[in-house]
Every structure is written in structure tokens, then in C-alpha cells.
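Residue-level structure breakdown
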Amino acid sequence: MKDRLFIWFQYLAPQHFISRVIGFFADRHWPWLTSRVIRWFANRYQVDLKDAVTEDLHSYRTFNEFFTRALKPESRPLAEQNNLWVSPVDGRISQSGDIEDGRIVQAKGQTYSVMELLGGDQQLAEQFASGKYMTIYLSPKDYHRIHMPMDGKLENMVFVPGKLFSVNQVTADHVPRLFARNERVVAVFDTPDGKMAMVLVGAMVVASIETTWAGIVAPITRKILRRDYPEKQVTLARGEEMGRFRLGSTVVLLSDNTSIQWSKEFRPNGDIRLGESLLQ
């Protein structure tokens, strides 16, 4: 019953209004309140700050500054072989595997289409129709900057408007086509291993999604917006930061390379850390 009420609330709630209000307060500095909220959050979700560049909770001026905190470079070493894909984030693997007939598994008994996920771009979706996917959920306690799994040249970025359902496991189990319904930013890269798409999925109370080349992606118009990037204009190295969630969410990683094999060590709901190899 508790889970059912949580899902009903999300359908009925003014998702974007709630997220805008929380985003407004998360970017404000109130000396008498900010540190108390950060301390409560860190205790509530058992946030481990030992790997953060700034370990002192009281040093963060805003909640978002704390939430998007940087980590010490040595705390997340990259897998040694340069040809190995690495995890772009700290998080939990929700699902991974082969894309079959252009569809991705969301949860047991539920799938959604690559074309929906990519904002209705049929030509782009066809390139990934038989490729690989991995869905990684970032919980509130996790590091919320997103890094490159491989070297890549940015080809285009697409903002896709949508809902803002929560992306936790309960919601993924009960809301059909969740990741293809929520607001998201799609970044398509050309890599040494072929085409790669990184889909940054928004969620309830996610104030905004940010990329290193475009800043906060928050168009006023609720329409699909695409921007193409000339060759070599944006080139990012494996492990380099490419974006961040200003409050948490999910990354869906797509590859058109049918020959890569995700590591057999990964299981649904298994934890992963930034820099760990994704391949076997």
C-alpha cells in the first residue's frame, strides 16, 4: 500500500513546480539554515565525505554546492587499460544487456523503445537498435558528477521535455516507460568503439541537468531542442567530467557496438564506482 500511494502521489503531484521550488532553495545561501539542511541530509542518507575535496560540511555555501561536490582525483582511479569502457558515475546498475528489436529492459516485465528514449529520432535510434545498454541509478548519497566512459567527440545534444517521476526502483517497477517519459538530455558521441549515447534522465526534485559545454540545460519552451556540434568543437577524454545532476537521477548508456561485452560481475542492483571497468 505504501508503494502504491507513492506512485499515485507522483501521478497527481505538480512535478515541475515542486522541482522548481526545491531547485530555487537548493541554490540559495542562508547561513542559519543551509548547514543544518546539509547536515540532516548527510546523516539521513549516510553520505561519506572522506573522498570529497571539501570534507567539512560547513564549508558548502548552498545545498547544490554540497550535492555536486568534487572528489579527490585519486579516490576514483580509472581502469588501467585505455581501451576499456569505464563507469561514468558512482551508482547502482539497474539493468544492462543487449538492445533487442530496438527495446530496452526497464524492469522485470517492462520495456521501452530506444526511439522514445532518444526523443523520436528514428535514424539515430536505428543505429542503436541491436546494440548494448546499461542503466545506472544515482542514489541521494552518491557522487553526482558524470564522466566519460570513453574518449569521445560530441556530435549533438538533444533536450527532450517530459515528466519528472522519481527514478528509484519502486517507480521503475510500476511506471511504464519511465525513462522514455521523464525529461532528459541526450548527448551523442563518436568514440573509438563506435557511436555512444549518454542519456541523462531528470526526476522528481531534480532542479536541473548540466553539461560542461552548455551549462545548465533548461529551455523555457517545452519542446524537443537539438543542437549539433561541428567535429572537434567538443572533445572529451575518458574519465573527464561531462555533466552533473543538480539533485540526483539516472544515466542510460547506449553503444552501437555489438561486440562489446559488459562484465559478468555486474548484476541488477549491484553497486559500481566511477572509473571501474564496464567490460569483461
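Scroll up for the structure.
Sequence order sets the numbering: in each chain, residues are counted from 1 along the sequence as written. It should be noted that, the model being predicted, local features are given only for residues of pLDDT at least 70 and side-chain atom pairs only at 80 or more, the latter also being counted only at that level, while totals for whole chains, interfaces and linings use all residues. The side-chain values count all of the structure's non-hydrogen atoms but skip hydrogen atoms and water molecules.

**Quick notes on the sheet that holds strand S10 (residues 215–217)**
- Strand pairing follows a simple DSSP-based rule, namely that at least 2 bridges must link the two strands. Every helix listed is a DSSP run of H or I at least four residues long, and every strand listed is a run of E at least two residues long, numbered separately from the N terminus. Read across the sheet, four strands follow the order S5-S13-S9-S10 without closing on themselves; strand pairing throughout is antiparallel. Of all strands in the sheet, those bounded by a partner on one side alone are strand S5 (145–147) and S10. Neighbouring strand axes in the sheet, compared pairwise and without regard to direction, differ in orientation by 30° on average.
- The pairing of strand S9 (residues 208–211) with strand S13 (residues 241–246) spans four bridges and is classified as antiparallel. Within the sheet, the bridge partner assigned to Ile-209 lies in S13 and is Phe-245. The axes used here are C-alpha line fits, helices contributing only the stretch in contact, and every angle between their N-to-C directions lies in the interval 0 to 180 degrees.

**Section: the packing of aromatic side chains**
- Each aromatic pair joins two rings of Phe, Tyr and Trp (for Trp, the six-membered one) with centres within 6.5 Å, and gets the label stacked for planes under 30 degrees apart, edge-to-face for over 60, and tilted for any other angle. Taken as a whole and assessed by the stated rule, the structure comprises 14 aromatic pairs.
- Their ring planes at 80° and their centres at 6.1 Å tell us that Phe-41 and Phe-66 sit as a pair that is edge-to-face. Pair noted here: Phe-41 is in helix H3 (residues 34–44) and Phe-66 is in helix H4 (residues 63–67), with a separation of 25 residues, a long-range link.
- Think of it in three bands: residues with accessible area under 20% of the maximum for their type are buried, residues over 50% are exposed, and the middle band is partly exposed, with areas taken using a 1.4 Å probe on protein chains only. Of the residues examined, Phe-66 reaches a relative accessible area of 0% and is grouped as buried.
- Grouping aromatic residues by their ring pairs yields a cluster made of Phe-41, Tyr-45, Tyr-60, Phe-63, Phe-66 and Phe-67.

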